[in-house]
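Examination of the molecular architecture
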Amino acid sequence: MGMAFDLVGETIRYRATGDVDHAGGLATLREGFAAAAAAVPGRRWHLLFDVRHSSENRSADELRAVAAEVAGAGDLLTGRCAVVAADPLHYGLGRMFAVFAEGLGLAADVFPDVPAAEAWLGGG
């Protein structure tokens, strides 16, 4: 179990499965950013976190750290970040992350499914 990423169209998609170790998740986040930068130099990417199959329960400090890591990659990203969550716990954690991300200048929101998240990402 853990976190993986794919480059799909103009979006870096991260999928969390099971209980993701925070430090390992941050390392995968950085790996995805590096892969995206190398894949299409100069492209600005949307960001999507799919946590529907996650069992993690992040602390506020961990969510702040993820938001800060995302904000630090600002030259690579469009500034739009979608979280896909299927249960109340992860929806709430996604909203908390979104608040932290928005405080760092990103546009972030939580969605019940990938098509809704993709529609919102494409709207910016």
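Report follows, based on the coordinates. (Residues numbered from 1 in each chain as written. Predicted model: local features only at pLDDT ≥ 70, side-chain atom pairs only at ≥ 80, totals over all residues. Heavy atoms only, no water.)

In this section: the pattern of salt bridges. Counted by the stated rule, this structure contains eight salt bridges. The salt bridge involving Arg58 is made with Glu62; its shortest N-O contact spans 3.4 Å. When its relative accessible area of 12% is taken as the criterion, Arg58 is described as buried. In this structure, a network of salt bridges that share partners links the residues Glu56, Arg58 and Glu62. (Salt bridge = Lys/Arg side-chain N within 4 Å of Asp/Glu carboxyl O. Buried < 20%, exposed > 50% of the residue type's maximum accessible area, 1.4 Å probe, protein only.)

So, about the nonpolar core. In this structure, Ile12, Phe33, Leu47, Phe49, Val70, Leu77 and Phe97 are the most contacted members of the largest nonpolar core, which totals 30 residues. Elements with a minimum of two residues in this core: β2 (11–18), α1 (22–39), β3 (45–54), α2 (60–72), β4 (77–84), α3 (88–103) and β5 (107–111). Examining the composition of this core, we find that five residues originate from one element, α3, more than from any other. Excluding residues that lie within four positions of it along the chain, Val70 makes contacts with Leu29, Phe33, Leu47, Phe49, Leu77, Phe97 and Leu106. Ranked by size, the runner-up nonpolar core spans seven residues in total, among them Leu48, Val84, Ala117 and Leu121. (Core = buried A, V, L, I, M, F, W, Y, C linked by side-chain atoms within 4.5 Å. Helix = DSSP H or I, 4+ residues; strand = E, 2+ residues; numbered from the N terminus. Contact = heavy atoms within 4.5 Å.)

This part takes up the sheet that holds β3. Through backbone hydrogen bonds, the strands of a sheet pair up, either in parallel or in antiparallel fashion. Taken in spatial order, the five strands line up as β1-β2-β3-β4-β5 in an open sheet, and their pairing is mixed. Edge positions in the open sheet fall to β1 (2–8) and β5, since each of these has one partner strand only. Between one strand and the next, the sheet's axes are offset by a mean angle of 20°, whatever the strand orientation. In this fold helix α4 (residues 114–122) packs onto β2, β3, β4 and β5, with an angle of close to 160° to the strand it touches most, β4. (Pairing = 2+ DSSP bridges. Axes fitted to C-alpha atoms, helices over the stretch in contact; angles between N-to-C directions.)

This brings us to the environment of Ala36. Inspection of the secondary structure puts Ala36 in helix α1. In this structure the C-alpha to C-alpha distance between Ala36 and Leu76, which are 40 residues apart in sequence, comes to 8.1 Å. Residues within four places of Ala36 in sequence aside, it is in contact with Leu7, Ile12, Trp45 and Leu76.

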